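# What the coordinates show
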Amino acid sequence: MKSLEKYVWPTALVFLMALGVASPAALAQTSLTPSEIRGKQIYVQGTSPSAKEILAYVGESSLEIPGASMACANCHGLDGLGKSEGGINPSDIRSEFLTKPYGLTHPDGRKHPPYTERGLELAITRGTDPAGNRLLNVMPRYAMSRDDLTDLIAYLGRLGKDADPGISESNIVIATAVPSSGPLAEMGQAIRAVTTAFFDNVNKQGGVFNRHVEVKFVETAETAAGTRANVERFLADANVFAICGAVIAGSEKELVSLMAQKEVPLIAPLTIFPQTGFPLNRQVFYLLSGMEGQARALIDFAAGKPELKTLALAIVYSPGEVNATVAEAVKEQCKKNRLSVPPTYSYKTGSFDAAEAVKQLKQTGRDGVFFLGNTGEALSFMREAEKLGWFPSIFLPSPGSAEVLSAPAGFSGKIFLSLPTSPADQTTEGIGEFRALAEKYKLPTKHVAAQLSAYSAAKILAEALKRAGKDLSREKLIQALEGFYEYQTGLTPAITYGPNRRIGAIGAYVITVDLKRQQFLPASGWINIK
Amino acid sequence: MLNGKSSMRIRIFAVMVVLCLACAVGTAGKKSLISPQTPKKQSAKKKRYACPMHPEVTSNRPGKCPKCGMTLRLVPDASEPGTGANLPPVTAADLPSMSSSKIPDVRVYDQNGRQLNFYSDLVKGRTVAINFIFTTCTGVCPPMTATFRRVQQNLPERTPPIQLISISVDPATDTPERMHEFASKFNAGPGWTFVTGDKNEIDLLLKALGAGVSNKNDHTPMILIGNEMADYWTRAYGLSAPTALIQVITAAADHK
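Residues numbered from 1 in each chain as written. Chains lettered and ligands numbered in written order. Predicted model: local features only at pLDDT ≥ 70, side-chain atom pairs only at ≥ 80, totals over all residues.

### Things to note about unusual backbone geometry
Rules: The secondary structure listing takes helices from DSSP runs of H or I that are at least 4 residues long and strands from runs of E that are at least 2 residues long, numbered from the N terminus. A residue is called partly exposed when the number of other C-beta atoms within 10 Å of its own lies between 12 and 20, exposed at 12 or fewer, and buried at 20 or more, with C-beta atoms placed from the backbone.
The omega angle of the peptide bond from T159 of chain B to P160 of chain B is -10°, so this bond is cis rather than trans. Assignment of secondary structure puts P160 of chain B in the loop between α3 (141-154) and β7 (163-168). Even without being glycine, E486 of chain A reaches a positive phi, approximately 50°. By secondary structure assignment, the location of E486 of chain A is in the loop between α17 (474-482) and β16 (503-505). On the basis of neighbour counts, which here come to 10 C-beta atoms within 10 Å, the residue E486 of chain A falls in the exposed class. You will see that N187 of chain B, though not glycine, has its phi angle at about 55°, which is positive.

So, in structure tokens, the structure goes:
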């Protein structure tokens, strides 16, 4: 017995010691202290969390510029490794490198003992290393408050070790936002099911670089402000790396600005109003063209057809923020195609006097109408036009509704609708993969379009995670996505993103309506917007 | 014993001082090599080899340059008949020189989206200072642009005014909107044009101005300063002190 104890004790001790060794590593995973969080802002943005001034003095002449123009991360990188640029190689400033006990010798022969906190202070404020050597003259000397300097130095100790939210050695947490009550609850349920199934399948195949992908959900609310509040609260509570395939329709503005503010990548949200104005929202990547893009594609389509490009167009629309943007886009696209800029006829939704609109447009000799309104209003317009025996071409960039099939027969072949994707985009392989998943996980048979959209979003995110590599960060994910060129999801047109491009498939298909046979007919192949 | 030790120390100290002095002399000697001077006459019989990139590296045997590994080239000897003038191996004069006629009149866009012809609208008849940037550059471009801003603020007024130009080395990313945002971040005033455009045309322009790079991160922090009328061109380091740059620009403008 005694002899056995003799062996057990040392073993137990070894385990205890192992635990002791393991704990600092475990600590490294914990979140940043308040001081480190403030320091990170100074490091990344060059601004003080307490709104005090931070100034940088560069070069021999001590040119003064705001710290925000020369934040530490600009040259040393978010990881502290240093980014080479213009023949300048900024030093690796991770603490494990700077505090090597035997000091450092740089490639240019500069030598110095390991950095201490005081050493870092001098490097930041006076541009000297611990041996008193001057640092490279592109390293600015910073003037900042004592507190800011303390915070910055606290963060420098954690540099390169603090992962973005939602990433650990073994896990990546992603989320999606879906409606869970109201008329869209069923659709939300379908999106939830397909996203869970997709990533469960990814995990069963070993995850992404040995990381398990965990999917969380947040509910959208009845109002845009409510949805924003829900998501904001959720992001504060749950550590989420990125959001994928969320239903943002109706709360685009609110959610997209939240994503930019919290720096959370949002991949392929479900909406037909992508927010792509300048300045670019770097965090948000859309799948397909929205209303505006589809309207532009319709104009490009018309400009390419000899019988359509001579049309005298008019834009009929009910002014609202969305339609006004689309109307402007139509005008701009006409200019690009060297077509005359169409006049506009506006009306108030709900009190559309179709007869008056028809009379006015017919009188002014228009023979093409770009209609931005609901399908019902477009139909009443066509019925009034029929009464006068006037059959202008009608362009509808709205999601096609089957109601259009009840238009007066005289408009057969004269109605043009646009679609951001078509069944022709679905490859056998792509649809086969989706069907296999649907069968394996018993996915709902309803809301297939929403499922396909969520599935494509998940597929794009999974691919981007792979391309971003093992050493994952949100910035690397964004860069990986910006590198997508004609990526085939197998379910949508090919997806291309870039530094200035946030819509995966910019363009549309144009279809026309055969009213005698009551069917939609393709009028064009894929149109890439000019 | 003690005395012996201290005398030892003094001696070591003396040796160190001598060594230090020797070092100083050594560097001074090197410096004189860098400054443009006619190389000392070589003995007529001896062949001299030099590195095409580092004229200061010479040898009397063929071999490789210890600095860059390039094969040393035979330097033509002045005393040999038929080899022409007494030329140093490769000097700055042999690098592609700049002249007004080399600047292509490519179609470019300014930060307001206006279409311009680079040579006729921005360079012809003026004194210009051109730097090379890209808007997603975070390291060297901000201080370079801030330097330019300071130059613009402190340049003495003249007619015609000095034209400042920043050309994007990443035109595929840098749309006029991005250039505009970048310009306003640095409070660029009128008379400072931010140029971007079609990648092929900008590449042509960059090549002609001696600033073409295959990777945007390799762009040099260089400022090209020129007086088109006098066909006088010179280059300066992009992070030089603004006062020094103003001197160079004013000298270029005064060049007849």
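Now, onward.
### Some words on the environment of D198 of chain B
Residue and element names in this part refer to chain B. Assignment of secondary structure puts D198 in the loop between β8 (192-195) and α5 (199-208). Residue D198 is classed as partly exposed on the basis of its 14 C-beta neighbours within 10 Å. Note: C-alpha distance between D198 and A253 (55 residues apart in sequence) is 30 Å.

### Regarding the sheet that holds β16 of chain A
All names here are of chain A. Under the convention used in this document: Two strands pair if DSSP finds at least two bridges between them. Each residue gets a C-beta atom placed from its backbone, and two residues are in contact if those atoms lie within 7 Å. Interaxial angles span 0 to 180 degrees and are taken between N-to-C directions of axes, which are lines fitted to C-alpha atoms, for helices over the stretch in contact.
What the six strands build is an open sheet, ordered β7-β6-β8-β9-β10-β16; its pairing is parallel. Each having just a single partner strand, β7 (212-220) and β16 make up the two edges of the open sheet. Pairing analysis gives nine bridges linking strand β6 (residues 171-179) to β7, with the strands arranged parallel. Looking at β7, one finds that P179 is bridged to T220. Its contacts with the sheet place helix α8 (residues 224-237) against β6 and β7, and it is angled at close to 145° to β7.

### Some points on the packing of helix α16 (residues 448-468) of chain A against α17 of chain A
Residue and element names in this part refer to chain A. How we decide: Any angle that falls under 35 degrees is termed roughly parallel, while one over 145 is termed roughly antiparallel, one within 65 to 115 roughly perpendicular, and all others oblique. Each residue is assigned to one class: nonpolar for Ala, Val, Leu, Ile, Met, Phe, Trp, Tyr, Cys and Pro, charged for Asp, Glu, Lys and Arg, and polar for all the others, Gly among them.
Close contact between α16 and α17 brings their axes to 8 Å; oriented N to C, the two are set at 110°. Regarding the angle of α16 to α17, the classification is roughly perpendicular. Within the contact between the two elements, α16 uses A464, L465, R467 and A468 and α17 uses K476, L477, A480 and L481. Its residues assigned to classes, the contact of α16 with α17 comprises six nonpolar, no polar and two charged.

### As for the packing of helix α7 (residues 185-204) of chain A against α16 of chain A
Residues and elements named next belong to chain A. Applicable threshold: Helix crossings get a hand from a simple test, with the near helix turned counterclockwise from the far one by less than a right angle marking a left-handed crossing and a clockwise turn marking a right-handed one.
It is at 9 Å that the axes of α7 and α16 come closest, and there the two elements cross at 30°. Where α7 crosses over α16, the two elements pack in a sense that is right-handed. Contact residues: M187, A190, I191, V194, T195, F198, F199 and V202 in α7; A450, Q451, A454, Y455, A458 and A462 in α16. Here the residues of the contact of α7 with α16 are counted per class, giving 12 nonpolar, two polar and no charged.

### Concerning the confidence of the model for chain A
We apply this condition: pLDDT measures the predictor's confidence residue by residue and takes values from 0 up to 100.
Looking at chain A as a whole, its pLDDT mean stands at 89, while 94% of the residues score no less than 70. Note that residues 6-29 of chain A has pLDDT below 50 and, in this model, two contacts with residues that lie over four places away or in other chains.

### Concerning the domain arrangement of chain A
Using the following cut-off: An automatic or database domain assignment supplies the residue ranges for each domain.
For chain A, the assigned domains read domain 1 (1-30), domain 2 (34-156), domain 3 (171-288 + 428-494) and domain 4 (292-419 + 509-528). Between domain 3 of chain A and domain 4 of chain A, the C-alpha centre-to-centre distance is 33 Å.

### Focus on the environment of K466 of chain A
Residue and element names in this part refer to chain A. Mapping K466 onto the fold places it in helix α16. For K466, a count of 13 C-beta atoms within 10 Å translates into the label partly exposed. Linking K466 and D425, residues 41 residues apart in sequence, is a C-alpha distance of 24 Å.

### Quick word on the interface of chain A and chain B
Taken together, the contacts link 23 residues of chain A with 22 residues of chain B. Put simply, the parts of the chain that give the side of chain A that touches chain B at least two residues each are β2 (63-66) and α3 (72-76) of chain A.

### Re α3 of chain B
Residue and element names in this part refer to chain B. The test is simple: What a helix should span is 1.5 Å times the count of its residues minus one.
Its 14 residues give α3 an end-to-end C-alpha distance of 20 Å, which sits within 8% of 20 Å, the value for a rise of 1.5 Å per residue. In terms of residue burial, α3 counts as a mostly covered element, since 11 of its 14 residues are buried. Within α3, the full set of buried residues consists of C141, P142, P143, M144, T145, A146, T147, F148, R149, V151 and Q152.

### A few points about the nonpolar core
Residue and element names in this part refer to chain A. We count it as follows: By definition, a nonpolar core groups buried Ala, Val, Leu, Ile, Met, Phe, Trp, Tyr and Cys residues that connect through C-beta atoms lying within 7 Å of each other.
I174, I243, F371 and L461 are the most contacted members of the largest nonpolar core, which has 106 residues in total. With 11 residues, α16 is the single largest residue contributor to this core. Taken domain by domain, this core gets at least three of its residues from each of domain 3 (171-288 + 428-494) and domain 4 (292-419 + 509-528). Apart from residues no more than four positions distant in its own chain, I174 is found in contact with V213, V215, V240, F241, A242, I243, C244 and L461.

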